[in-house]
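Structural overview
This is what each chain is made of:
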Amino acid sequence: MLYPSIDSLLKHIDSKYTLVTISARRAREMKEIEVTDPMLDEYDSSKLVGIALEEIEQGKLSYKHKE
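These notes cover the structure that comes with them. (Residues numbered from 1 in each chain as written. Predicted model: local features only at pLDDT ≥ 70, side-chain atom pairs only at ≥ 80, totals over all residues. Heavy atoms only, no water.)

Turning next to the overall build of the protein chain. A tally of helices and strands in the protein chain yields 3 helices and 0 strands. Each helix and strand of the protein chain, placed in order from N terminus to C terminus, yields the pattern α-α-α. Taken against the 2.2 N^0.38 rule, which gives 11 Å for 67 residues, the C-alpha radius of gyration of the protein chain at 12 Å falls within 12% of a compact globule. With the C-alpha coordinates of the protein chain rotated into their principal frame, the extents come out at 30 × 30 × 15 Å. Taking the contacts inside the protein chain whose residues are at least 6 apart along the sequence as the reference set, 50% of them involve residues at least 24 apart. Averaging the coordinates of the 10 positive side-chain charges in the protein chain and doing the same for the 13 negative ones gives two points 6 Å apart. (Helix = DSSP H or I, 4+ residues; strand = E, 2+ residues; numbered from the N terminus. Rg over C-alpha atoms; globule rule 2.2 N^0.38 Å. Contact = heavy atoms within 4.5 Å. Lys, Arg positive; Asp, Glu negative; His and termini not counted. Charge placed at Lys NZ, Arg CZ, Asp CG, Glu CD.)

Written out as structure tokens, the structure reads:
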């Protein structure tokens, strides 16, 4: 089973497309800036996209919709 689950992530971000976009941007940011401060104390995932998804699930990473 994947962690965090898509159902728990969609409680924080309402669209799968937005979820993918936000997590990919955060993973790219962590890769480019290797000194990025972690948003959580401990991560279960070792991959950057997994880390970004954990941050979303814990409510540390979100977005604001611009019209």
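This is not the end of the story, as more comes after the structure.
With that settled, the discussion passes to the side chain of Ser-23. Along the chain, Ser-23 turns up in helix 2 (residues 16-32). Looking at Ser-23, its side chain comes within polar contact range of the main-chain oxygen of Leu-19, at 2.9 Å. Ignoring sequence-local partners within four residues, the contact set of Ser-23 consists of Val-49, Ala-52, Leu-53 and Ile-56. (Polar contact = N/O pair within 3.5 Å; in protein donor to acceptor, adjacent residues only side chain to side chain.)

So, about the nonpolar core. If you look at the biggest cluster of nonpolar residues, it comprises 7 residues: Leu-9, Ile-13, Leu-19, Ile-22, Leu-53, Ile-56 and Leu-61. Among the elements of the structure, helix 2 and helix 3 (48-57) are those that each provide at least two residues to this core. Look past the residues within four positions of Leu-53 in its chain and what remains in contact with it is Pro-4, Leu-9, Leu-19 and Ser-23. (Core = buried A, V, L, I, M, F, W, Y, C linked by side-chain atoms within 4.5 Å. Buried < 20%, exposed > 50% of the residue type's maximum accessible area, 1.4 Å probe, protein only.)

With 17 residues, helix 2 should cover 24 Å at 1.5 Å per step; its first-to-last C-alpha distance of 24 Å lies within 8% of that length. Buried within helix 2 are the following residues: Thr-18, Leu-19, Ile-22, Ser-23, Arg-26, Ala-27 and Met-30. The buried residues of helix 2 occupy an angular sector of 160 degrees when the element is viewed end-on, so they sit on one face. Summarising the geometry of helix 2, the exposed residues directed more than 90 degrees from the buried face are Tyr-17, Val-20, Arg-25, Lys-31 and Glu-32. Contact partners of the buried residues in helix 2: helix 1 (6-9) and helix 3. (Expected span 1.5 Å × (residues − 1). Arc of directions from axis to C-beta.)

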